[in-house]
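Structure at a glance
What follows is the residue order along each chain.
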Amino acid sequence: MNVGSIIKYYRTKKGMTQTELAEGICSISHLSKIETNMYSANEETVGLLLDKLGLQLDEIADNLAELKEILQEFISSVFMRDTATMDTLFEEMMKKEDYFETSEYVNLFHLYKYRYFLNKADLKEAQVQLKILQRLKTTFDPIESNILTFFSGFHYTITEKTEEAIKALNKFLENPLPVGGQWVGEAYYLLARAHVSMNQNEAGLIFSKKAYDIFMNESNFSRQIHSQTIIGISYMRLNLYNEAIAIYKPLLQNTRMFFRDSLYAGVLVNYGRCLHMSKQYGKAQKYLDEALELAEPYTESHAVGLLIWLENVQKNRKVNKQWHSRVQLLKESYKETYGKYYYHYSTYLEKLEFSQLEGVKYAVKWLYPYLVKHQNYGDAREIIEVIIDYYNEIGDFTKTKEFYDQWRLLIEKERIYYG
């Protein structure tokens with residue numbers, strides 16, 4: 001317990017000067033050293049100072065225990081995805097900000113503020129908080145240092161710096177220290193997402209299964225659902241469609257019953273994509289139609305569903321006026337929100353519908369380079385396979401070899417494993 005910091009906090013709060021508090025007890029310089037924790041005062045001096053402030057040591061200990069409990073409940077609400085409780089506890093933390101600043105929990109307070117802003121996707125405030133943490137780093141103990149490493153990994157995932165995220169999360173897992181199963185489960189889950197985003201699906205499958213097992217033990221139902229979703233995606237991308245479908249069927253039921261307003265539409269999209277990839281286009285259409293009815297317009301879930309719907313209709317050779325209106329919707333409505341990913345994809349599909357040559361030319365010039373630049377290696381591989389098939393069909397074997405060599409490089413990237 002940093003009694004000196006607490007004495008300074010309450011002295012300042014009561015509007016007392018050091019001269020007033022020290023009078024009759026100790027010298028002003030002695031009090032100054034106590035308040036800056038440069039000197040451990042004897043119990044008698046501490047007792048006299050606390051009496052003058054109207055405090056009891058037991059009361060201070062209770063207050064510190066309350067701060068610790070708030071922090072523990074806050075981080076638990078973050079991991080349990082309980083946003084209402086998280087927001088309430090954050091407000092409570094901020095009301096006690098001055099007290100946190102003087103306590104031994106000051107570092108955790110700022111670390112958890114950082115995680116809160118990341119959860120809220122408030123990257124501006126998160127960056128401000130990160131600068132504070134960089135100044136505090138010299139006072140961190142090993143646990144606090146590793147928590148910062150973990151939170152930095154999370155920061156990298158939401159800013160799409162995938163390789164940096166993988167390295168940071170693996171560094172955390174080298175020595176997770178006694179922070180609890182939820183932390184390790186969350187690290188495994190974030191690693192699974194990162195690997196899947198780079199089309200390293202075997203690694204994604206390994207980490208998502210590890211995360212699922214931990215979340216089962218921790219009774220974190222929401223994260224169980226998220227982990228199962230990654231397991232399903234990994235199976236699907238590994239062309240293990242039966243295994244993926246076996247995951248998606250209970251996922252559909254559970255999300256429809258318990259997460260209809262939040263997760264159900266996303267699971268419908270993923271299941272529809274699984275059916276699409278296994279060439280069950282008619283069956284996929286049913287689930288994708290339902291997903292688009294439920295997904296909130298102008299959300300990423302809606303955009304992903306719209307893109308897969310367009311691909312599925314095109315593959316099923318049932319392009320109509322609705323397809324053309326929806327390709328324009330995807331092209332114009334999402335380019336500002338989600339960058340040029342959907343713009344390039346919708347333009348590619350539109351040109352491909354008009355002419356295979358025009359579609360491939362657009363893919364070569366714009367879509368494929370964009371996907372590689374932004375590390376969307378799974379999508380890039382699908383597109384380059386279309387390009388290779390086209391040049392092979394028309395007998396341009398020079399181009400076929402050029403893009404086949406690039407395809408091999410993508411395969412190598414999939415095999416990178418930061419384990």
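Residues numbered from 1 in each chain as written. Predicted model: local features only at pLDDT ≥ 70, side-chain atom pairs only at ≥ 80, totals over all residues. Heavy atoms only, no water.

Going by the annotation in an unreviewed UniProt entry, the name recorded for the protein chain is Tetratricopeptide repeat protein, with Jeotgalibacillus terrae given as the source organism.

Observations regarding the overall build of the protein chain
Of regular secondary structure, the protein chain possesses 24 helices and 0 strands. Taking 22 Å as the expected radius of gyration for a compact globule of 419 residues, we find that the protein chain reaches 28 Å, considerably beyond that expectation. When the backbone C-alpha atoms are referred to their principal axes, the protein chain occupies close to 95 × 45 × 35 Å. Expressed as a percentage of its 419 residues, the buried residues of the protein chain come to 49%. (Helix = DSSP H or I, 4+ residues; strand = E, 2+ residues; numbered from the N terminus. Rg over C-alpha atoms; globule rule 2.2 N^0.38 Å. Buried < 20%, exposed > 50% of the residue type's maximum accessible area, 1.4 Å probe, protein only.)

Re the packing of helix α17 (residues 281-294) against helix α18 (residues 300-315)
The geometry of α17 relative to α18 is characterised by a closest axis approach of 10 Å and an angle of 150° between their N-to-C directions. With respect to their mutual orientation, α17 and α18 come out roughly antiparallel. Of the two elements, α17 crosses α18, and the hand of that crossing is left-handed. Of α18, the residues touching α17 (which contributes Tyr-281, Ala-284, Gln-285, Leu-288, Asp-289 and Leu-292) are His-302, Gly-305, Leu-306, Ile-308, Trp-309, Asn-312, Val-313 and Lys-315. For the contact of α17 with α18, the per-class residue count stands at 8 nonpolar, 4 polar and 2 charged. (Axes fitted to C-alpha atoms, helices over the stretch in contact; angles between N-to-C directions. Parallel < 35°, antiparallel > 145°, perpendicular 65-115°, else oblique. Left-handed = near helix turned anticlockwise from the far one by under 90°. Contact = heavy atoms within 4.5 Å. Nonpolar A, V, L, I, M, F, W, Y, C, P; charged D, E, K, R; others polar.)

Some thoughts on the packing of helix α10 (residues 142-158) against helix α12 (residues 181-197)
Direction vectors running N to C along α10 and α12 enclose 30°, while the axes themselves pass 11 Å from each other. Relative to α12, α10 is oriented roughly parallel. Once α10 is placed against α12, the crossing between them reads as left-handed. Mapping the contact onto sequence places Ile-147, Phe-150, Phe-151, Phe-154 and Thr-157 in α10 and Trp-183, Glu-186, Ala-187 and Leu-190 in α12. A class-by-class count of the residues in the contact of α10 with α12 yields 7 nonpolar, 1 polar and 1 charged.

Thoughts on the packing of aromatic side chains
In this structure the tally under the stated criterion is 27 aromatic pairs. Both rings, one in Phe-100 and one in Phe-109, keep their centres 4.8 Å apart while their planes meet at 10°; by these two values the pair is stacked. Residues Phe-100 and Phe-109 agree in their burial class; the two are buried. What links up through ring pairs into an aromatic cluster is the set Phe-74, Phe-79, Phe-90, Tyr-112, Tyr-114, Tyr-116, Phe-117, Phe-150, Phe-151, Phe-172 and Trp-183. The positively charged end of Arg-326 is found above the aromatic ring belonging to Trp-309, 4.4 Å away from the centroid. (Phe/Tyr/Trp six-rings, centres within 6.5 Å; stacked < 30°, edge-to-face > 60°. Lys NZ or Arg CZ within 6 Å of the ring centre and 35° of its normal.)

Regarding the UniProt feature "coiled-coil region" (unreviewed entry) in the protein chain
According to UniProt, the positions carrying the feature "coiled-coil region" (unreviewed entry) are residues 50-77. In residues 50-77, the share of helix is 86% and the share of strand is 0%. The end C-alpha atoms are 35 Å apart. (UniProt positions renumbered as here; feature names shortened; annotations may be inferred.)

Some words on the pattern of salt bridges
Enumeration over the complete set of coordinates arrives at 12 salt bridges. Between Arg-273 and Glu-382 there is a salt bridge, with its nearest N and O atoms 2.9 Å apart. Here Arg-273, found in helix α16 (residues 264-277), pairs with Glu-382, found in helix α23 (residues 377-393); they are 109 residues apart in sequence, far enough to count as distant. By relative accessible area, which is 12% here, Arg-273 ends up buried. Among the ionic contacts, a cluster of salt bridges with common partners joins Arg-115, Glu-186 and Arg-223. (Salt bridge = Lys/Arg side-chain N within 4 Å of Asp/Glu carboxyl O.)

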